[in-house]
Amino acid sequence: MAAALTPGRDSERSSAEAVFLDACRRRPVPYTPVWVMRQAGRYLPEYRDLRAKVDFVTLTRSAELAAEATLQPLRRYPLDAAILFSDIMTPLQGMGVGLEFNPGPLVRNPIRTPAEVDALPQLDPQRDVPFVLDAVRLVRAQAPRGVPLIGFAGAPFTLLCYLVCGRPSKEFSEARTFLYADPQTAERLLDRLADAMAAYLAAQAAAGAQALMLFESWAGLLGVREYRRFALRGARRVVAALRPLGVPLIYYLNQGSALLEAVSELDVDVVGVDWRSPLGAARRALGADKAVQGNLDPAALFAEPGELERHIDGVLDEAGPMPGHIFNLGHGIWPDTDPDAVARMIDHVHERTARGARG
Ligand code: CP3
């Protein structure tokens, strides 16, 4: 049965959709919703089977295969949200940035000069990444239990890290030196990336994505002044363009403990928090007008079952009884995770937080 697309009373919507979207908006929910960053991925044997037939880029550029990968974890687990199977670099590849994955993204010609920034084309999602928008439509048509779909993009500063350095890195030193050596050009690049990601996310919402998420994976490398000047500037520009859509907006910040007060200024509904910050402290720093998402350490899935439950309870206790918590890991699930541990985690979150029937 198709999920209702128009906003309506909770009872008129399918329950998983209502629970996740209501939690994003800090409304009371019958249980805490849960999904997993990188829930479609290598820890699932069915994903490895798919990857045995096609390479990663083919998977991201075929609407049918990307939709299939997105749906795999939903068939196996009672998850409360889906996230589109894609990569933060996919729209840049669509814009003509030469890219390989091995396994992380490698940019053939890193962008560092004003001329290279100005030469970066704008993104036209329908023209450049039609397969992503088709994948969104396919998932919406096929998602079981009316599970809502999260569309996503890389936050501008995190994309800048890959574009400037050309490859994954622990320190992203060329990206950080670029901020100090040529701050005006860095700001121009961030603005261009923000406009491209705003267009990309708006197109995903128009195709049917019911929430939109920005992955700010590397801004935790910055001190608070540079975070505000560069990363927050880029994220704000995306958020300002998307706010009129009325879709819940989620901002995930990795290693952001020192930055949460600055993040509280960003007009998003939900902040995704890594495992280093207890959710109680994160909520206090972010303020009462934001929901939180997270934040079990991905390594905790390797604990004995009883211990795993205690770690999950610790996260739920930190989140507290007030509405506005979406359970997740603090970063992406690791490829060598036991799929049964994920099943136990989801069931335990649902059982521990069941609040009885609500009208
Ligand atoms: O588990 C898998 O096999 C996933 C396949 C894969 C993805 N990206 C999926 C993805 C691969 C091989 C990549 C390439 C890639 N892109 C890497 C190497 C990944 C690896 O595990 O070896 C990296 C580091 C990137 C860059 C990237 N992609 C970042 C920084 C992010 C944001 C999330 C994060 O981890 O900080 C992504 C997003 C991403 N990559 C998603 C998926 C399915 C979407 C988010 C999600 O599913 O939660």
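Details of the structure are given in the entry above.
As a convention, each chain's residues are numbered from 1 in the sequence order in which they are written. In keeping with the predicted nature of the model, local features appear solely for residues at pLDDT of at least 70, side-chain atom pairs appear and are counted solely at 80 or more, and the whole-chain, interface and lining totals rest on all residues. Side-chain figures throughout are based on the complete set of non-hydrogen atoms in the structure, without hydrogens or water.

A. Looking closely at the side chain of Thr70. Working definition: helices are DSSP H or I runs of at least four residues, strands are E runs of at least two. Numbering for both runs from the N terminus. Within the element layout of this structure, Thr70 appears in helix α4 (residues 63–76). Residues in contact with Thr70, not counting those within four places in the same chain, are Ala40, Ala82, Ile83, Leu84, Phe85, Val139 and Leu149. Should any heavy atoms of two residues lie within 4.5 Å, those residues are considered in contact.

B. A look at empty space enclosed by the protein. Detection works on a 1 Å grid of protein atoms alone, calling trapped sets that fit a 1.4 Å probe cavities and calling open sets with protein on both sides within 12 Å along at least five of seven lines pockets, with lining residues defined by an atom within 4 Å of a point. Grid points are joined across faces, edges and corners, and a volume is the space filled by probe spheres set on the points. Under the criterion given, the structure shown has one cavity of 30 Å³ or more. Lining the largest cavity are Leu201, Leu212, Met213, Leu214, Val239, Leu242, Leu249, Ile250 and Val268. If you list the elements that add at least two residues to the lining of the largest cavity, you get β5 (211–216), α12 (224–242) and β6 (249–253). For the lining of the largest cavity, the element with the most residues is β5, which contributes three residues. Under the scheme applied here, ten amino acids are nonpolar (Ala, Val, Leu, Ile, Met, Phe, Trp, Tyr, Cys and Pro), four are charged (Asp, Glu, Lys and Arg), and all others, including Gly, are polar. When the residues that make up the lining of the largest cavity are grouped by side-chain class, the tally is nine nonpolar, no polar and no charged.

C. Looking closely at the pairing of β5. Burial classes: relative accessible area under 20% of the type maximum marks a residue as buried, over 50% as exposed, and values in between as partly exposed (1.4 Å probe, protein chains only). A large share of β5 lies buried, amounting to six of its six residues. Where strand β4 (residues 149–154) lies against β5, five bridges are found, and the strand directions are parallel. Looking across to β5, one finds that Ile150 is bridged to Ala211. At least two bridges found by DSSP between two strands are what make those strands a pair. Summarising the sheet, β5 and β6 pair through five bridges and their orientation is parallel. The residue of β6 that forms the bridge with Met213 is Ile250. Handedness of the crossover joining β5 and β6 through α12 is recorded here as right-handed. Crossovers are marked right-handed if the path from the first strand over the helix to the second runs clockwise, as seen with the strands pointing away from the viewer.

D. Fine view of the sheet that holds strand β9 (residues 325–329). Strand order in this open sheet of seven strands is β1-β4-β5-β6-β7-β8-β9, and the pairing throughout is parallel. Looking at strand neighbours, the two that pair on one side only are β1 (82–83) and β9, the edges of this open sheet. As judged from the four bridges shared by β6 and strand β7 (residues 270–273), these two strands associate in the parallel manner. Within β7, the residue paired with Tyr252 across the bridge is Gly272. Where helix α11 (residues 183–207) meets the sheet, its contacts fall on β4 and β5, and the angle it forms with β4 comes to roughly 170 degrees. Helix axes are fitted only over the stretch in contact, all axes being lines through C-alpha atoms; the angle between N-to-C directions runs from 0 to 180 degrees.

E. Structural view of helix α8 (residues 130–142). Taking 1.5 Å of rise per residue, 13 residues should cover 18 Å, and α8 covers 18 Å from first to last C-alpha, within 8% of that figure. Listing the buried residues of α8 in full gives Phe131, Val132, Leu133, Ala135, Val136, Val139 and Arg140. Contact partners of the buried residues in α8: α3 (56–61), α4, α5 (90–94), α7 (125–128), β4 and α11. The span you would expect from a helix comes to 1.5 Å times its residue count less one.

F. Inspection of the nonpolar core at higher detail. What makes a nonpolar core is a set of buried Ala, Val, Leu, Ile, Met, Phe, Trp, Tyr and Cys residues whose side-chain atoms join them at distances within 4.5 Å. One finds Phe20, Trp35, Leu189 and Tyr227 to be the most contacted residues of the largest nonpolar core, which totals 134 residues. The element contributing the most residues to this core is α11, with 13 residues. Look past the residues within four positions of Tyr227 in its chain and what remains in contact with it is Ala219, Leu222, Leu232, Tyr251, Leu253, Leu259, Ala262 and Val263.

G. Region of the structure containing the packing of aromatic side chains. Here is the rule: rings of Phe, Tyr and Trp (six-membered ring for Trp) pair when centre to centre is within 6.5 Å. Planes less than 30 degrees apart are stacked, more than 60 are edge-to-face, and the remainder are tilted. The tally for this structure, following the rule as stated, stands at eight aromatic pairs. Ring centres of Tyr47 and Phe85 lie 5.5 Å apart, and the angle between their planes is 50 degrees; on these two criteria the pair is classed as tilted. Linking Tyr47 in helix α2 (residues 45–53) with Phe85 in the loop between β1 and α5, this pair joins segments that are 38 residues apart in sequence. Its relative accessible area of 4% is what places Tyr47 among the buried residues. Plain terms: the ring middles of Phe302 and Trp334 are 6.0 Å apart, the flat faces sit at 50 degrees to each other, and that makes the pair tilted. Linking Phe302 in the loop between β8 (291–296) and α15 (305–319) with Trp334 in the loop between β9 and α16 (339–353), this pair joins segments that are 32 residues apart in sequence. A residue is classified by how much of its surface remains accessible, and Phe302, at 41% relative accessible area, is partly exposed. Three or more aromatic residues link up through ring pairs in this structure, and these residues are Tyr47, Phe56, Phe85 and Phe101.

H. Representation of the layout of surface pockets within the structure. Reported here for the largest pocket is a volume of approximately 1,200 Å³. Residue lining of the largest pocket: 40 residues in total, with Arg38, Arg42, Asp87, His331 and Gly332 positioned closest to the centre. Elements supplying a minimum of two residues to the lining of the largest pocket: α2, α3 and α9 (156–165). Classifying every residue of the lining of the largest pocket by side-chain character gives 24 nonpolar, ten polar and six charged.

I. Summary view of the side chain of Ser217. Structurally, Ser217 can be placed in the loop between β5 and α12. Non-local contacts of Ser217, meaning those with residues more than four positions away in its chain, are made with Thr158 and Asn254.

J. Expanded view of the site of the ligand. Consider each residue's heavy atoms; a residue with any of them within 4 Å of a molecule or strand counts as near. Within the structure, the ligand sits among 21 residues, and Arg38, Arg42, Asp87, Ser217 and His331 are positioned closest to it. In the model, an oxygen atom of the ligand is placed 2.4 Å from a nitrogen or oxygen of the Arg42 side chain. For the ligand, a nitrogen atom lies 2.7 Å from a polar atom in the side chain of Asp87. For every accessible area listed, the method is Shrake-Rupley and the probe measures 1.4 Å; residues are considered covered only by the protein chains on display. In the complex, 89% of the free accessible area of the ligand, which totals 850 Å², lies under the protein chains. Residues adjacent in sequence count toward polar contacts only when both atoms are side-chain atoms; beyond that, a polar contact is any pair of N or O atoms within 3.5 Å, and within protein one must be able to donate a hydrogen and the other to accept it.

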